[in-house]
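Residue-level listing of the chains:
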Amino acid sequence: METTKHTIALVDDDRNILTSVQMTLEAEGFTVHTYTDGEAALQGIAARPVSLAVLDIKMPRMDGMELLQRLRARSPLPVIFLSSKDEELDQLMGLRLGADDYITKPFSQRLLLERIRALLRRQDAVRAEANGMGSGTGAMVRGSLTLDETRHQCLWAGKDIPLTVTEFLLVKALATRPGMVKSRDQLIDAAYGENIYVDDRTIDSHIKRVRKKFRQVNDDFNQIETLYGIGYRYKED
């Protein structure tokens, strides 16, 4: 069993799912806080901070979309969505609102565990850099873009761009070698780690979200280019 000090917020109005997943995660060493609606989760996470949240989309009192927006307004907390097969639009909307990942119901608990661990490893790596324990060398500057791994900070012309862990890793992967094309598979490896399956549309949704954030401080931002059928590249300004 992998030891961990991480705490997970699990939010779903299906008590059978809550009980089953909670047992699985606790058996793997996680501390789990469960909630059956979004409003209770928002209050609970504020009172008892967690390392990551797993959210159902359809919930009473406050659905997963609104909960995600409220959480994102407070912090870049990693979030994984749970959604039904017929909720494709909701999946994409969730990613565009800033979710890091989604899993379709019915799901394998082993798959959920792998996704949670992968996301937490990425978050821990960023925190290690911030504490001076990583191997990074500090800020990367590409024209108007500054990426500072030690602070998990992204700046455009000196203005802060609040990126999630996934978004930060995608921008870093593209900006490390301006002009070089990165396929979606390469970006998946950079943001999620190898041997993790993620649908191509997930990367596309994250890129749209990243562009939107940059354009909030610069309407003319066009440094992330799409090469249809191939992937993406970063164009240094």
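Note that this is a predicted model, so its numbers are computed, not measured. Counting of residues starts from 1 at the beginning of each chain's written sequence and follows it residue by residue. Under the rules for a predicted model, residues below a pLDDT of 70 receive no local features and side-chain atom pairs below 80 are neither given nor counted, while totals for whole chains, interfaces and linings still include all residues. Hydrogens and waters are ignored; side-chain quantities use all the structure's heavy atoms.

Student: Just checking my understanding: could you explain the sheet that holds strand 10 (residues 182-183) for this structure?
Tutor: Strand pairing in a sheet relies on backbone hydrogen bonds, with the paired strands running either antiparallel or parallel. Strands are labelled as partners when DSSP assigns at least two bridges between them. Helix and strand assignments come from DSSP, with helices taken as H or I runs of at least 4 residues and strands as E runs of at least 2, each series counted from the N terminus. One open sheet accounts for 3 strands, arranged 10-12-11; its pairing is antiparallel. The open sheet has two edge strands with one neighbour each: strand 10 and strand 11 (224-227). Where strand 11 and strand 12 (residues 231-234) come together, 4 bridges link them in antiparallel fashion. In the strand pairing of strand 12, Glu225 is matched with Arg233. Lying over the sheet, helix 8 (residues 200-215) contacts strand 11 and strand 12, oriented at roughly 150 degrees with respect to strand 11. In what follows, residue pairs with any heavy atoms lying within 4.5 Å of each other are defined as contacts. Axis definition: a line fitted to C-alpha atoms, limited for helices to the stretch in contact. Angles are taken between N-to-C directions and run from 0 to 180 degrees.

Student: Got a minute to help me understand the sheet that holds strand 6 (residues 139-142) in this structure?
Tutor: The strand order across the open sheet built from 4 strands is 6-7-8-9, with neighbouring strands paired in antiparallel fashion. At either end of the open sheet lies a strand with only one pairing partner, and these are strand 6 and strand 9 (159-160). In terms of strand pairing, strand 7 (residues 145-148) meets strand 8 (residues 153-156) through 4 bridges, oriented antiparallel. What sits directly across from Leu145, in strand 8, is Trp156. Against the sheet, helix 6 (residues 165-175) makes contact with strand 6, strand 7 and strand 8, and its axis sits at roughly 120 degrees relative to strand 7, the strand it touches most.

Student: Please clarify how the nonpolar core should be interpreted in this entry.
Tutor: General note: in soluble globular proteins, nonpolar side chains tend to be found buried as a group. For this analysis, a nonpolar core means a set of buried residues of the types Ala, Val, Leu, Ile, Met, Phe, Trp, Tyr and Cys, connected via side-chain atoms within 4.5 Å. Partly exposed residues are those whose accessible area sits between 20% and 50% of the maximum for their type, while under 20% is buried and over 50% is exposed, using a 1.4 Å probe and protein chains only. Residues Leu145, Ile203, Phe214 and Ile224 are the most contacted members of the largest nonpolar core, which totals 27 residues. Counting only elements with at least two residues in this core, the list comes to strand 7, strand 8, helix 6, helix 7 (184-192), helix 8 and strand 12. Ranked by the residues each element gives to this core, the list is headed by helix 6, at 8 residues. Formed by 21 residues, the second largest nonpolar core is a distinct cluster that contains Ile45, Ile57, Met62 and Leu77.

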